[in-house]
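Chain by chain, the residues:
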Amino acid sequence: LVLGAGPLLFPLFLQYATGRSATNSGLIMLPVSLGTLAGATFAGKYIASTGRYLSLARGGFIAAIVSLAFVATMDVDVEIWMLTIAMFVFGTAAATSGTVASTVSQSAVEPTELGVGNGVNLFIRMVGASVSVAVSGATGQGVQELRAALDRLAARLPAPDVQGPVRLWVDR
């Protein structure tokens, strides 16, 4: 549940609260992808060589919680290097936990049912992510700060040309 909201809400925070562009917030999300690559690779090799996975599951979940706690309590003026480290740790932790979940779901079913085991695992993870985004978005945590940041951002926008032609996004 906790791992689902992060990647979906990080870019919104970066764009609306800190005033970064969509491109910039996307680039700042790159450490999550790199951490995912590192975490999945490490976890796969570790499980294949040792046959053990419980410590990976616990460590990955704890690291994800710590990195999300940092991100949830940071200020809009956070140093970019700190955010980059937190994003990398989150990606690594989420991938480690995901690899363990996939391994456990595959080992719990017969070889002829691997597709079903993976499908159930993925379905449960997606439902958890959907619920976590809904809960995180609806709790109202930080709404006042977000409104103030949006007001500051809107104040920096140029005045609209009321005499100009109206263009919809589909016109482009």
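Look up: the structure comes first, before these words.
Please read these numbers as outputs of a predicted model, since none were measured by experiment.

**So, the overall build of the protein**
A tally of helices and strands in the protein yields seven helices and zero strands. Mapped from its N terminus to its C terminus, the protein presents α and β elements in the order α-α-α-α-α-α-α. Going through the 172 residues of the protein one by one, you find that 25% of them count as buried. Looking at the protein alone, contacts between residues at least 24 apart form 69% of all its contacts between residues at least 6 apart.

**Structural notes on the side chain of Ser-97**
Within the secondary structure, Ser-97 is located in helix α5 (residues 80–107). At 3.5 Å, the side chain of Ser-97 forms a polar contact with the backbone nitrogen of Phe-61.

**A look at the side chain of Asn-121**
Structurally, Asn-121 is set in helix α6 (residues 114–138). Among the polar contacts listed, one links the side chain of Asn-121 to the side chain of Ser-102, at a separation of 3.4 Å.

**Here we look at the nonpolar core**
One finds Phe-10, Val-71, Leu-83, Met-87 and Phe-90 to be the most contacted residues of the largest nonpolar core, which totals 15 residues. When residues of this core are traced back to their parent elements, those giving at least two are α1 (2–17), α4 (54–73) and α5. At five residues, α5 tops the list of elements feeding residues into this core.

**Quick notes on α4**
An ideal rise of 1.5 Å per residue puts 28 Å on 20 residues; α4 measures up with 29 Å between its terminal C-alpha atoms. Listed in full, the buried residues belonging to α4 are Leu-56, Gly-60, Ala-64, Ser-67, Leu-68 and Val-71. One face of α4 carries all of its buried residues, which in axial projection span an arc of 100°. Those residues of α4 that are exposed and aimed more than 90 degrees away from the buried face are Arg-58, Ile-62, Val-66, Ala-72 and Thr-73.

Criteria and cut-off values
- Residues numbered from 1 in each chain as written.
- Predicted model: local features only at pLDDT ≥ 70, side-chain atom pairs only at ≥ 80, totals over all residues.
- Heavy atoms only, no water.
- Helix = DSSP H or I, 4+ residues; strand = E, 2+ residues; numbered from the N terminus.
- Buried < 20%, exposed > 50% of the residue type's maximum accessible area, 1.4 Å probe, protein only.
- Contact = heavy atoms within 4.5 Å.
- Polar contact = N/O pair within 3.5 Å; in protein donor to acceptor, adjacent residues only side chain to side chain.
- Core = buried A, V, L, I, M, F, W, Y, C linked by side-chain atoms within 4.5 Å.
- Expected span 1.5 Å × (residues − 1).
- Arc of directions from axis to C-beta.

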